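The residues making up each chain are set out below.
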Amino acid sequence: MLRDGRDPARPSGAEPSRVENVIRSHGCPPRPLRPAGDPASPGRSCSSGPASPARPLPGHPERAGKGPRWSRGTGSACLRPQPRPSRLPGPALPPPLPVPGRGAGTRPRNRHRPPRPAPRTGSAPPNPAHLALPIGGRRLRPAAGGADWRSAAALGQGAAMAARRGLSLLLPPLPLLPLLPLLLLLLLPPLPLLAAPRAGAGDAGQEAAVRALARRLLGPRAAAVALSVEAALAAGGPDTYRLRSPPGAAVAVAVTGSSGVAAAAGLYRYLRDFCGCHLSWSGAQLRLPDPLPRLRAEIRASAPGRYRYYQNACTQSYSYVWWDWARWEREIDWMALSGINLALAFVGQEVAWQRVYRSLGLNQSEIDAYFTGPAFLAWNRMGNLHGWAGPLPPAWHLKQLYLQYRIVERMRSLGMITVLPAFAGHVPQGVLRVFPRVNATRLGGWSHFDCTYSCTYLLDPEDPMFQVIGTLFLKELIKEFGTDHIYSADTFNEMTPLSSDPAYLSRVSNAVFRSMMGADPEALWLMQGWLFQHQPDFWQPAQVRALLRGVPLGRMIVLDLFAESKPVYQWTESFYGQPFIWCMLHNFGGNHGLFGTVEAINHGPFAARCFPNSTMVGTGLVPEGIEQNDMVYELMNELGWRQEPLDLPSWVTRYAERRYGAPNAAAASAWRLLLRSVYNCTGVCVNHNRSPLVRRPSLHMDTELWYNASDVYEAWRLLLSAGTELGSSPTFRYDLADVTRQAAQQLVSDYYLSIRQAFQSHALPELLTAGGVLVYDLLPELDSLLSSHSLFLLGRWLESARAMATSDQEAEQYELNARNQVTLWGPSGNILDYANKQLGGLVLDYYGVRWSLFVSALVESLNSGSPFHQDQFNQAVFQVERGFVYNKKRYPAVPAGDTLEISRKLFLKYYPSALRRSRAGPA
């Protein structure tokens, strides 16, 4: 390389390659590319060192690069990793882990959006014209200059500028008229909450945020509670809160927390234990005593671990996908009151990805072909899918951008640490067109998807574009949303790596981490540990250790994602020294169904802390879908602040009283029955509803239960008997609907067994009787029950999807996304019924129609004497399933009917025979 940066091997006047331009634009002269094994062209880099030879990946001859294989030098100055910290001795927890909720003097740097940084010395500033896109005959560009984002005057301007900049980078060349509604939004005064969060929010800012939360929760009664935040209360340790009643004060209780989250958790402790209140996804019971009770003695509590984590990457699609700000605000309030201080902030990341891809040279059609539809973005982000149910409309990006502003501002104002996404190595196919010499390999298909929508390209960890793309993306995110220095990336989610060689796996994790460090030297990697238990044959100790130790000790936190059933820390020596969070996964696909492993979660976290050389740093909630089984999550949140296990029967009795706002012996007995049965699965338990009700019918369906079915029937009877006293409670009505639904699900299994037995015995009358009751009575009655409660409505799910749209075309696309996810999950039933739900409208028009077709096929088989062919039935029923996805029928989003009366009607009709069957033998 000549002194002026020219490559002597390139002929005079030859154009530099695109990869060289990209690297140079980010502050580093390019390295020459050479065919592997060419001794005449030694590899060079910005730093001294030998060139690395090309390494073909074993077992995968298919490679994305075209022409001869190219190898590159070891690195470049702009991509050179930061010096590694010295290895930490033993299992001691390292200091780089940030402590949540500290005051302004100790909060992490760059916590919120920083001012626009000046160009670094020696690097060319980014050219706004390079990123601008033509819209309506003119070019919109990012505003140049350096407005101080932290000043009050700049906040409103910043939001408007972000909108203009976001629009310029999100929209392809289109006629102006269809974009008029979006452009009009830019002319409106910016909403204060859409502005960038202010930097340095310390104790006073968190105190104001938690007081605002109390007002939203309690209204005028919040004045009787004094709330304050003092970071010194924790004395450098985990979150702490203190409750006391000041003598002679006008307030009943004073709550002080070391952070906003700790103060909110202390407030909920007071409301729960002294006022008999309850808050959950299904409703709130906030009948406060008057006057509020005073405390006899001061109460002080500290969390046993540093973190209480929340969210699963899949939850973003199964539950949050259609949420507006009002729903997010309620969720963040619940998170704070539950003491959660570490959570994903993944909304709107496609805005940053689109900017990065456009700056690299991809065209809009290539980007559109990569992004999935909204309901499947979780798996696009993890490299499992591309293109399915897409593309993403421009308006989607803009709305998600504004939503993310509000989410991160509110979380941080309460002292929560937000986890941003990072680059895991997956790239769109368009990258291969722009950089034909890039070293990328196509992964295999994922979960019954072929390469039409799967088989993502994975960059080689030593390819320089890995660092370029990863650092570009994270810098863009930090510029937009600020950072708390923790980032999430999952390279091998349910996908087998290209090689089991420990050296390769270590290079991959090191490349991911270095790309984080390139944007944020204080970066900490939060990784889901699902892959280790999902593919145990591949992830042997040597492979796990290599992947984890590719990152310096203390710079990664592993989520032991399924610790209540399949803990990984036990066979990996506490993740070989990396800190981990003991997590309860609990739910798959957002399925409905009563389920819990209460004994495992009551003792598991404490056992993990006592494990030899334990590196556990907290507990976590990581369900794939939420808004189900409130009791399990209330229990887990309380255990996050406990130093020892709970007495579960006593705890659940108090839980029932708080949840309904009054003591009731029948309701308490019902909950104790549920606790010992349906909520106490032991061993390896997977809460993935496989009831015949929600599965495609066949003659080989699983009806086995982990509990005594009669306990659910008896709990149903007890709750109905409490209806006279508790019927006005919204949470009681929800629980009655849920327990009745569970009982009906068991009844479906009973009738299925009768249908199968009758068919196999060639007993046509019995087949007609059992099939007729199931199809024409039980399923319609269940659908009627679910339609009587707002949280069990298909229309609520579909209408929330349509509400995100800005046009009829978008509304149809979003509704198709929502329908497909809960049914076919793919174009041809690729993951059929994985995300099944029991919703009013879905039971009758989807599950009910399938069962009707199944019974008819069995009857026809007996009448004609021909055998029943499952393959032929599957082809026929697929047309029914696909027809439901596309039928455009609108479903009510408002409940109809009285839940108590419908439940009572079902009980009188089915309870006697159900109890007899359950007592005759296991289901």
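Residues numbered from 1 in each chain as written. Predicted model: local features only at pLDDT ≥ 70, side-chain atom pairs only at ≥ 80, totals over all residues. Heavy atoms only, no water.

### What about the overall build of the protein?
The number of helices and strands found in the protein is 31 helices and 21 strands. For the protein, the residues scored as buried account for 61% of the 923 residues in total. Long-range pairs, those at least 24 residues apart, make up 77% of the contacts in the protein with a sequence separation of at least 6. For the protein, the computed accessible surface area is about 34600 Å², with 55% contributed by carbon and sulfur atoms. (Helix = DSSP H or I, 4+ residues; strand = E, 2+ residues; numbered from the N terminus. Buried < 20%, exposed > 50% of the residue type's maximum accessible area, 1.4 Å probe, protein only. Contact = heavy atoms within 4.5 Å. Areas by Shrake-Rupley, 256 points an atom, 1.4 Å probe, with all protein chains shown as cover.)

### Remarks on the sheet that holds strand E21 (residues 616-621)
Pairing within the closed barrel is parallel, and its eight strands lie in the order E11-E12-E13-E17-E18-E19-E20-E21. Strand after strand, the sheet turns through a mean of 30° between neighbouring axes, direction not considered. Examined bridge by bridge, strand E20 (residues 580-584) and E21 share five bridges and lie parallel to one another. Bridge pairing links Cys-583 to Gly-620 in E21. Strands strand E13 (417-421) and strand E17 (486-488) of the sheet are contacted by helix H14 (residues 464-481), whose axis makes an angle of about 140° with E13. (Pairing = 2+ DSSP bridges. Axes fitted to C-alpha atoms, helices over the stretch in contact; angles between N-to-C directions.)

### Focus on the side chain of Arg-242
Residue placement: Arg-242 occurs in strand E6 (residues 240-244). Put simply, Arg-242 is tucked away with no salt bridge, and the nearest opposite charge, on Glu-298, sits 4.4 Å away. Those residues within four positions of Arg-242 in sequence are excluded, and the remaining contacts are Glu-230, Leu-233, Ala-254, Val-255, Thr-256, Glu-298, Ile-299 and Arg-300. (Lys, Arg positive; Asp, Glu negative; His and termini not counted. Salt bridge = Lys/Arg side-chain N within 4 Å of Asp/Glu carboxyl O.)

### Considering the packing of aromatic side chains
Per the counting criterion, the structure on display carries 59 aromatic pairs. Taken together, a centroid distance of 5.5 Å and an interplanar angle of 65° make the contact between Tyr-310 and Trp-334 edge-to-face. Here Trp-334 lies in helix H8 (residues 325-337) and Tyr-310 lies in strand E11 (residues 307-310), a separation of 24 residues in the sequence. Residue Tyr-310 is classed as buried on the basis of its relative accessible area, which comes to 0%. Taking 6.3 Å as the distance between ring centres and 90° as the angle between the ring planes, the aromatic pair formed by Tyr-751 and Tyr-910 counts as edge-to-face. Of this pair, Tyr-751 sits in helix H25 (residues 730-760) while Tyr-910 is found in helix H31 (residues 899-920), placing the two residues 159 residues apart along the sequence. Like Tyr-751, the residue Tyr-910 is buried in the burial classification. (Phe/Tyr/Trp six-rings, centres within 6.5 Å; stacked < 30°, edge-to-face > 60°.)

### Some words on the sheet that holds strand E7 (residues 253-257)
A sheet is described by the order of its strands in space; here four strands give the open sequence E5-E7-E6-E10, paired in mixed fashion. The open sheet terminates on both sides in strands that have one partner only, identified here as strand E5 (225-229) and strand E10 (299-302). Mean inter-strand twist for the sheet, computed between neighbouring axes without regard to direction, equals 15°. Of the strand pairs in this sheet, E6 and E7 are connected by four bridges, and their pairing is antiparallel. By the bridge assignment for E7, Arg-242 is matched with Thr-256. Packing of helix H6 (residues 260-274) onto the sheet brings it into contact with E5, E6, E7 and E10, and relative to E6 it is tilted by some 45°.

### Thoughts on the state of the cysteines
For the coordinates displayed, the defined rule picks out two disulfides. Cys-451 shares a disulfide with Cys-455; S-S distance 1.9 Å. Measuring the twist about the S-S bond at about -75°, one finds the Cys-451-Cys-455 disulfide to be left-handed. According to the relative accessible area criterion, Cys-455 is buried, its value standing at 2%. The residue that forms a disulfide with Cys-681 is Cys-685, at a sulfur-sulfur distance of 2.0 Å. On the S-S bond that ties Cys-681 to Cys-685, the torsion sits near -90°, and the link is left-handed. (Disulfide = S-S within 2.5 Å.)

### A look at unusual backbone geometry
Geometrically, the link from Asp-290 to Pro-291 is a cis peptide bond, its omega value of 0° lying close to zero. One can find Pro-291 in the loop between strand E9 (283-285) and E10. With an omega dihedral of 0°, the bond running from Gly-390 to Pro-391 counts as a cis peptide bond. Residue placement: Pro-391 occurs in the loop between helix H11 (377-381) and helix H12 (394-413). Despite not being glycine, Ser-447 shows a phi value in the positive range, around 45°. Structurally, the position occupied by Ser-447 is in the loop between strand E15 (440-442) and strand E16 (457-459). Residue classification places Ser-447 among the partly exposed residues on the basis of a relative accessible area of 29%. Positive phi, close to 50°, is recorded for Asn-629, a residue that is not glycine. Note on Asn-629: relative accessible area 3%, which makes it buried.

### Digging into H25
Relative to the 45 Å expected for 31 residues at 1.5 Å per residue, H25 spans 45 Å between its end C-alpha atoms, a close match to the ideal helical length. Of all 31 residues in H25, 24 are buried, a share of seventy percent or more. Two residues or fewer after H25 comes His-762, characterised by a positive phi angle close to 55°. (Expected span 1.5 Å × (residues − 1).)

### Points about H14
The periodicity of an α-helix, 3.6 residues per turn, causes residues three or four places apart in sequence to face the same way. With 18 residues, H14 should reach 26 Å at 1.5 Å per residue; the first-to-last C-alpha distance of 26 Å fits that figure. In terms of burial, H14 is largely enclosed, as 16 of its 18 residues are buried. The backbone nitrogen of Met-465 has a side-chain oxygen 2.9 Å away, supplied by the residue at the start of H14, namely Asp-463. Gly-482 sits one or two positions beyond H14 and adopts a positive phi of about 75°. (Polar contact = N/O pair within 3.5 Å; in protein donor to acceptor, adjacent residues only side chain to side chain.)

### A word on the nonpolar core
Counting 281 residues, the largest nonpolar core has Trp-322, Trp-328, Trp-379, Met-516, Phe-532, Trp-582 and Trp-825 as its most contacted members. Looking at which element gives the most residues to this core, the answer is H25, with 14 residues. Beyond its immediate sequence surroundings of up to four residues, Phe-532 is in contact with Met-527, Trp-539, Val-544, Leu-547, Leu-548, Val-568, Trp-571 and Phe-575. (Core = buried A, V, L, I, M, F, W, Y, C linked by side-chain atoms within 4.5 Å.)

### Description of the pairing of E10
Burial along E10 is one-sided: the face carrying Ile-299 and Ala-301 is buried and the face carrying Arg-300 and Ser-302 is not. Here E6 pairs with E10 via four bridges, running antiparallel. Its bridge partner lying in E10, Arg-242 is registered against Arg-300.

### Here we look at the packing of helix H5 (residues 203-218) against H8
At a minimum axis distance of 11 Å, the contact between H5 and H8 shows a crossing angle of 110°. If you check the angle between H5 and H8, you find them roughly perpendicular. For the pair H5 and H8, the crossing hand works out as left-handed. Here Leu-213, Arg-216 and Leu-217 of H5 lie close against H8, whose contacting residues are Glu-329, Asp-333, Ala-336 and Leu-337. Taken together, the residues of the contact of H5 with H8 break down into four nonpolar, no polar and three charged. (Parallel < 35°, antiparallel > 145°, perpendicular 65-115°, else oblique. Left-handed = near helix turned anticlockwise from the far one by under 90°. Nonpolar A, V, L, I, M, F, W, Y, C, P; charged D, E, K, R; others polar.)

### Things to note about the confidence of the model for the protein
When pLDDT is averaged along the protein, the result is 83; 78% of the residues meet or exceed 70. Ignoring residues within four places in sequence, the model shows residues 1-200, a span with pLDDT below 50, making 336 contacts including any to other chains. (pLDDT = per-residue confidence, 0-100.)

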